[in-house]
Amino acid sequence: MAPDVIAGTGRRTCALSELMVLPSWRKTGTARRLHDALLAARTEERATLLVDQGHPKVRALYEGWGWQVLGGLRPRIEHAPLFHAMLRPLAGRLG
Ligand SMILES: CC(C)(COP(=O)(O)OP(=O)(O)OC[C@H]1O[C@@H](n2cnc3c(N)ncnc32)[C@H](O)[C@@H]1OP(=O)(O)O)[C@@H](O)C(=O)NCCC(=O)NCCS
């Protein structure tokens, strides 16, 4: 992986953790609106999140929202699953 991609400054990346909506709000566009509103308010260069590799539909959902898989990551926690680490440029920095 290119060193400039993983280089951390402590300020260039924000983490999106556990986006979730109640089942009755799924497939309504609410999750996407929450996601967009959260990220629109950020001033960092890019955002990162983790998706369980056992949930390929969630990975595909995020890919459709502009995220790319950087690589695999397993947190150093007992019984932690293997995740996809994903990255997305933030507003004003998309293509
Ligand atoms: C992720 C989430 C916010 C997306 O909401 P949405 O945009 O309305 O999209 P959907 O709920 O239709 O999810 C897209 C697909 O992923 C699947 N999916 C969602 N969460 C999943 C999970 N935790 N495990 C396995 N599959 C999941 C859905 O079943 C759906 O598949 P389908 O199209 O075959 O029905 C919502 O599904 C959710 O709250 N999920 C539970 C929490 C979660 O897994 N968050 C992700 C953390 S990285």
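Residues numbered from 1 in each chain as written. Predicted model: local features only at pLDDT ≥ 70, side-chain atom pairs only at ≥ 80, totals over all residues. Heavy atoms only, no water.

Visitor: Lay out the packing of aromatic side chains in plain terms, naming residues and giving numbers.
Guide: Tallied over the full model, the rule gives two aromatic pairs. On the numbers, 5.7 Å between centres and 90° between planes, the contact of Y62 with W65 is edge-to-face. Take Y62 and W65: they sit in the same class, and that class is buried. Here the aromatic rings of Y62 and W67 are separated by 6.0 Å at their centres, their planes lie at 70°, and the arrangement is edge-to-face. Following the ring pairs from residue to residue traces out a cluster consisting of Y62, W65 and W67. (Phe/Tyr/Trp six-rings, centres within 6.5 Å; stacked < 30°, edge-to-face > 60°. Buried < 20%, exposed > 50% of the residue type's maximum accessible area, 1.4 Å probe, protein only.)

Visitor: Before we move on, can you summarise the nonpolar core with the specific residues and values?
Guide: In terms of nonpolar packing, the biggest core is built from 13 residues, with L39, A47, L49, Y62, W67 and M86 touching the most fellow members. Those elements that place two or more of their residues in this core are α2 (30-40) and β2 (46-52). With three residues, the single largest contributor to this core is β2. With residues up to four places along the chain from it excluded, the contact list for L49 reads L16, Y62, W67, H84, A85 and M86. (Core = buried A, V, L, I, M, F, W, Y, C linked by side-chain atoms within 4.5 Å. Helix = DSSP H or I, 4+ residues; strand = E, 2+ residues; numbered from the N terminus. Contact = heavy atoms within 4.5 Å.)

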